[in-house]
Amino acid sequence: DVQPKATIVIFGATGDLAKRKLFPSIYKLYQKGKLAEQFAVVGVARRPHTDESFRSYVRETIEEATKQELIDDKFISHFYYHSLDATNTQSYEQLNELLTRVEEQFHIPGNRIFYLAMAPEFFGTITSHLKSEGLTATNGWTRLVIEKPFGHDLQSAQRLNEEIRQSFSEEQIFRIDHYLGKEMVQNIEVIRFANAIFEPLWNNRFIANIQITSSETLGVEDRGRYYDHSGALRDMVQNHMLQMVALLAMEPPIKLTTDDIRSEKVKVLRALRPMTHDDVETYFVRGQYGRGIVRGQQVVGYREEHSVDPNSNTETFVAGKLMIDNFRWAGVPFYIRTGKRMTEKSTKIVVQFKDVPMNLYYRTSEHVHPNLLVIHIQPDEGITLHLNAKKSGESMKTTPIKLDYCNNCIDGINTPEAYEKLLYDCMRGDATNFTHWDEVAASWSFVDPISEVWANTKAVDFPNYEAGSMGPKKADELLQKDGFHWWPLN
Ligand code: BG6
């Protein structure tokens, strides 16, 4: 169905995510004709709003986000609001009445997406009321979209999962990892499986190491309260970074179906060499930013940020070396690093191939540059292949050259926005780019021993990297020990 007919019920409709991502994405889908007139959006939150005041709020946020003037009253007329008291049964009954009314008005066949874009405390309460008050019993389909954090560790994730599974089956649950909606993350699979030249080399015989960097220039902004209890390991590694590892390392799926792809990804996550408490120090590095200069601006250190404990032990940077113990990858390190307040905003994957068996050009070229395949995820989107060629004019001297493909040179912005694609996928019932419970569980199992060690040992060297830098020195040493180094991001 190219124009799915559904009501999107957004819990947390007055929050940051709805404002920055969801409303603009819905608008773009509408503009592109991917939503017909048979859709509605019902905003749900605690604070009071009338439909009218909610509509003008939505209008403003979309205008701000898209930098366009929005004049389409017809579009806005699809938006409704319900002020919810999350623990009050009656409040759900009223919501159900509103949904039924809206469905009649727009001829929507009972298809409902319940999108939880809010603090996780109420996930369980809300989902159980949705079922007990009959909001999930419609003539159409019902789906649950759930934002991170999906638990704090394996145990709490399991509890949360059991709670929501009382009301929704696994097939109805769409767990968001917005990295899976990014154009170039989706491209990893195509680059690997649609090209004859990479797949034969994609293993431990020809690849020396793989490096994944996701650096940010922003600090914790106004999320100190959440972030200080989370840290970079839970915020970025457990989900986004491990998902990219899984896509890079998985076996070719039998078919491009949701189940086939997910089951290959899960196998990778299960093959990650588990960290014992003693391993953590050898394989992982944590960092926390101090004051510094980011893109020309003086900024405060993490411990001085709003709602952050002035003695905080929370990491804002993680680097790690992951080993995948299977036939394809035995012996190949996957290095990951991610952090706040770094030099630049960039997500990149560098696949470093092994050196040629011997350097024939040693008389003129001391080193032959290794071949690299660089996948640029953001802000630029593309692929660069680093090869060697003859330096022109000079006899048999080699020089590195680059073959570049740019996916998005014109405006440098992710188009379409990840959320736009994910929302549309969910409306069409395609769960491929959402995380299955088995992936979530395997990721927490890997990450938990690391957070346990870090929670129980004070990082005496914090803050250990300056804002605006590429992280602590130890992150460089992690690769130096293996005879490698981080490839520069540009
Ligand atoms: C989110 C994290 O999941 O991803 C944020 O909670 C982080 O802390 C963000 O800033 C990064 O996403 P992107 O798309 O900007 O790379």
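The notes below deal with the structure included here. (Residues numbered from 1 in each chain as written. Predicted model: local features only at pLDDT ≥ 70, side-chain atom pairs only at ≥ 80, totals over all residues. Heavy atoms only, no water.)

1. Some words on the sheet that holds strand β5 (residues 142-146)
Strand order in the open sheet formed by six strands is β3-β2-β1-β4-β5-β6, and the pairing between neighbours is parallel. Of all the strands in the sheet, the pair left with one neighbour each is β3 (79-83) and β6 (173-175). Adjacent strand axes in the sheet meet at a mean angle of 20 degrees when their direction is disregarded. In this structure, strand β1 (residues 6-11) lies alongside strand β4 (residues 112-116), joined through five bridges in parallel fashion. Bridge pairing in β4 links Ile-10 to Tyr-115. Those strands touched by helix α1 (residues 16-31) are β1, β2 (39-45), β3 and β4, and its axis lies near 170 degrees from that of β1. The sheet contacts of helix α5 (residues 123-132) involve β1, β4 and β5, and relative to β4 the element is tilted by about 165 degrees. (Pairing = 2+ DSSP bridges. Helix = DSSP H or I, 4+ residues; strand = E, 2+ residues; numbered from the N terminus. Axes fitted to C-alpha atoms, helices over the stretch in contact; angles between N-to-C directions. Contact = heavy atoms within 4.5 Å.)

2. A look at the side chain of Ser-469
Within the secondary structure layout, Ser-469 lies in the loop between β17 (465-467) and α13 (473-480). A polar atom in the side chain of Ser-469 sits 3.3 Å from the backbone nitrogen of Gly-471. What Ser-469 contacts, discounting residues up to four positions off in sequence, is Arg-341, Met-342 and Thr-343. (Polar contact = N/O pair within 3.5 Å; in protein donor to acceptor, adjacent residues only side chain to side chain.)

3. Points about the site of the ligand
The immediate surroundings of the ligand are formed by Lys-148, His-178, Tyr-179, Lys-182, Glu-216, Arg-223, Asp-235, Met-236, His-240, Lys-340, Lys-345 and Gln-378. Residue Lys-182 places a side-chain N or O atom 2.6 Å away from an oxygen atom belonging to the ligand. Contacts to the ligand include Lys-340, whose side-chain N or O atom sits 2.7 Å from an oxygen atom. Alone, the ligand offers 400 Å² of accessible surface; in the complex the protein occludes 81% of this. Sorting elements by how many residues they give to the shell around the ligand places helix α8 (residues 224-249) first, with three residues. (Near = heavy atom within 4 Å. Areas by Shrake-Rupley, 256 points an atom, 1.4 Å probe, with all protein chains shown as cover.)

4. Some details on the pattern of salt bridges
Per the counting criterion, the structure on display carries 23 salt bridges. The residue Arg-112 makes a salt bridge to Glu-103 at a minimum N-O spacing of 2.7 Å. What makes Glu-103 buried here is its relative accessible area of 9%. The salt bridge partner of Glu-251 is Arg-328, with a shortest N-O separation of 2.9 Å. In this pair, Glu-251 is assigned in the loop between α8 and α9 (258-271) and Arg-328 in the loop between β11 (317-323) and β12 (333-339), connecting sequence segments 77 residues apart. Shared partners join several salt bridges into a network, and the residues in it are Arg-192, Glu-199, Glu-251 and Arg-328. (Salt bridge = Lys/Arg side-chain N within 4 Å of Asp/Glu carboxyl O. Buried < 20%, exposed > 50% of the residue type's maximum accessible area, 1.4 Å probe, protein only.)

5. Some points on the pairing of β2
Burial within β2 is extensive, with seven of its seven residues counted as buried. Where burial is concerned, the two faces of β2 agree: the one with Phe-39, Val-41, Gly-43 and Ala-45 and the one with Ala-40, Val-42 and Val-44 are both buried. Pairing geometry for β1 and β2, over six bridges, is parallel. Counterpart to Thr-7 in the pairing with β2 is Ala-40. Here five bridges tie β2 to β3, and the two strands are oriented parallel to one another. Bridged to Val-41 within β3 is Phe-79.

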